[in-house]
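Read off the chains here:
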Amino acid sequence: MGGETSGREPTVLAFSPAGRVLVLLGPAAAGVVVAVLAPILARWLVEVHFPVLGVVWRVVGSVDTWWKVAVQALILAVFGALASVEIMRRSTRVTVGSGGVRLETGDRAVSLTRPQIDFVFMDGSFLVILDRESRQLFHGEPQAESGPLKRTFTEYGYPWREADPFAELYQQWVPGTDRLPVAVEAVLSARAVALRKKAPRETAELRDSLEKLGYAVRDDGDRQLWRPLVRS
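For clarity, every value in this text was computed on a predicted model and none was experimentally measured.

Caption draft 1: Structural view of the pattern of salt bridges. Under the criterion given, the structure shown has 15 salt bridges. Two residues, aspartate 131 and arginine 135, come together in a salt bridge whose shortest N-O distance is 2.8 Å. The buried category is assigned to aspartate 131, whose relative accessible area is 8%. What makes arginine 135 partly exposed here is its relative accessible area of 32%.

Caption draft 2: View of the packing of aromatic side chains. One pass over the structure, following the stated rule, counts four aromatic pairs. The aromatic ring of tyrosine 158 is capped on one face by arginine 114, whose charged end is 4.8 Å from the ring centroid. The positively charged end of arginine 218 is found above the aromatic ring belonging to tyrosine 170, 5.3 Å away from the centroid.

Caption draft 3: A look at the environment of glycine 100. By the secondary structure assignment, glycine 100 is in strand β3 (residues 100–105). On the basis of relative accessibility, which here comes to 17%, the residue glycine 100 falls in the buried class. In the structure, glycine 100 is positioned eleven residues away from serine 111 in sequence and 7.2 Å away in space, judged by C-alpha atoms. Once residues within four sequence positions are removed from consideration, glycine 100 is found in contact with Thr95, Leu112, Thr113, Arg114 and Tyr158.

Caption draft 4: Here's a closer look at the UniProt feature "domain: Cysteinyl-tRNA ligase anticodon binding" (unreviewed entry) in the protein chain. The UniProt entry lists residues 178–227 under the feature "domain: Cysteinyl-tRNA ligase anticodon binding" (unreviewed entry), expressed in the numbering used here. Taken end to end, residues 178–227 has its terminal C-alpha atoms 15 Å apart, with 56% of it in helix and 22% in strand.

Caption draft 5: Broad picture of the nonpolar core. Counting 18 residues, the largest nonpolar core has Val94, Val96, Val101, Leu103, Leu127, Leu149 and Phe153 as the members making the most contacts within it. Elements with a minimum of two residues in this core: β2 (91–96), β3, β5 (119–123), β6 (126–130) and α5 (146–155). With sequence-adjacent residues up to four places away left out, leucine 127 is seen in contact with Val94, Leu103, Val120, Phe121, Met122, Phe138, His139, Gly140, Pro142, Phe153 and Trp160. Counting twelve residues, the second-largest nonpolar core is a separate cluster that includes Leu180, Val184, Val187 and Val217.

Caption draft 6: A look at the sheet that holds strand β9 (residues 215–220). Here three strands make up an open sheet; going across it, the order is β8-β10-β9 and the pairing antiparallel. Here the strands that pair on one side only, and so sit at the sheet edges, are β8 (171–172) and β9. Pairing of β8 with strand β10 (residues 223–228), which is carried by two bridges, proceeds in the antiparallel orientation. Looking at the pairing, glutamine 172 lines up with leucine 225 of β10. Relative to β9, helix α6 (residues 182–196) is tilted by about 25°, and along the sheet it contacts β9 and β10.

Caption draft 7: View of a nonpolar patch on the surface. A contiguous nonpolar surface patch, about 920 Å² in accessible area, is contributed by Trp66, Trp67, Val71, Leu74, Ile75, Val78, Phe79 and Leu82. You can see tryptophan 66 is positioned in helix α4 (residues 66–90).

Caption draft 8: α6, seen in detail. Between its first and last C-alpha atoms α6 spans 21 Å; for 15 residues at 1.5 Å apiece the expected length is 21 Å, and the two agree. The set of residues buried in α6 consists of Val184, Glu185, Val187, Leu188, Arg191, Ala192, Ala194 and Leu195. In this structure, the buried side of α6 is in contact with α7 (200–212), β9 and β10. Looking one or two residues beyond α6, the residue adopting positive phi is lysine 198, at roughly 55°.

Caption draft 9: The packing of α6 against α7, seen in detail. With their axes 9 Å apart at the nearest point, α6 and α7 run at an angle of 165° to one another. Our classification of the angle between α6 and α7 gives roughly antiparallel. Taken as a pair, α6 and α7 cross one another with a handedness that is left-handed. Taken together, the residues of α7 that come into contact with α6 (itself represented by Val184, Val187, Leu188, Ala190, Arg191, Ala194 and Leu195) are Glu202, Thr203, Leu206, Arg207, Ser209 and Leu210. Considering only residue class, the contact of α6 with α7 consists of eight nonpolar, two polar and three charged.

The rules behind these values
Residues numbered from 1 in each chain as written. Predicted model: local features only at pLDDT ≥ 70, side-chain atom pairs only at ≥ 80, totals over all residues. Heavy atoms only, no water. Salt bridge = Lys/Arg side-chain N within 4 Å of Asp/Glu carboxyl O. Buried < 20%, exposed > 50% of the residue type's maximum accessible area, 1.4 Å probe, protein only. Phe/Tyr/Trp six-rings, centres within 6.5 Å; stacked < 30°, edge-to-face > 60°. Lys NZ or Arg CZ within 6 Å of the ring centre and 35° of its normal. Helix = DSSP H or I, 4+ residues; strand = E, 2+ residues; numbered from the N terminus. Contact = heavy atoms within 4.5 Å. UniProt positions renumbered as here; feature names shortened; annotations may be inferred. Core = buried A, V, L, I, M, F, W, Y, C linked by side-chain atoms within 4.5 Å. Pairing = 2+ DSSP bridges. Axes fitted to C-alpha atoms, helices over the stretch in contact; angles between N-to-C directions. Patch = residues over 30% accessible without salt bridge, like charges linked within 9 Å, V, L, I, M, F, W, Y side chains within 5 Å. Areas by Shrake-Rupley, 256 points an atom, 1.4 Å probe, with all protein chains shown as cover. Expected span 1.5 Å × (residues − 1). Parallel < 35°, antiparallel > 145°, perpendicular 65-115°, else oblique. Left-handed = near helix turned anticlockwise from the far one by under 90°. Nonpolar A, V, L, I, M, F, W, Y, C, P; charged D, E, K, R; others polar.

Here is the structure:
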């Protein structure tokens, strides 16, 4: 497989044209639709004496003139546009070549050589790439769907897996159990605070600190799951 793709141009995995239009315009368009239809629905619910959230229906239904609807539509369209910007900022454009992989997320780019990569898999909607010591080289939301990602990585001979090969090694972190070294406990405690604060950059930096101490971590909602690093 590697010989067949050695002279092949890299493959770019990003939003399709239709997907890009949906991401850029969909949230704003949805906001406009909600602004127009919500007052109509709210007034109908008030008229039929629907008791649940009655005060809310009256407030929403009070948007009863064209200029109020226009202002509300503009506000929701702006929020939708901001959501589109956030989606584009957080999503990753993946370029797969025979010699390596390039991952572009917003204004950040990560380049990985083929020898660095030992496992590639999807963790829900996230693409994960691990090295030979099971350290996380990349974890992010790709613009492409899992099907094209799996097909492309496989065609170029990368070691794609259907799930995390080390999933069974993870254990839930419980503070104060003395099962881990003091330094690891300290980093996990600090990372728990960063998770509650929703500080992604800080949580990523603390993940790197844990890996330097010989441990991997993954998140399950607000819970942290840990495992020792494993050399393949």
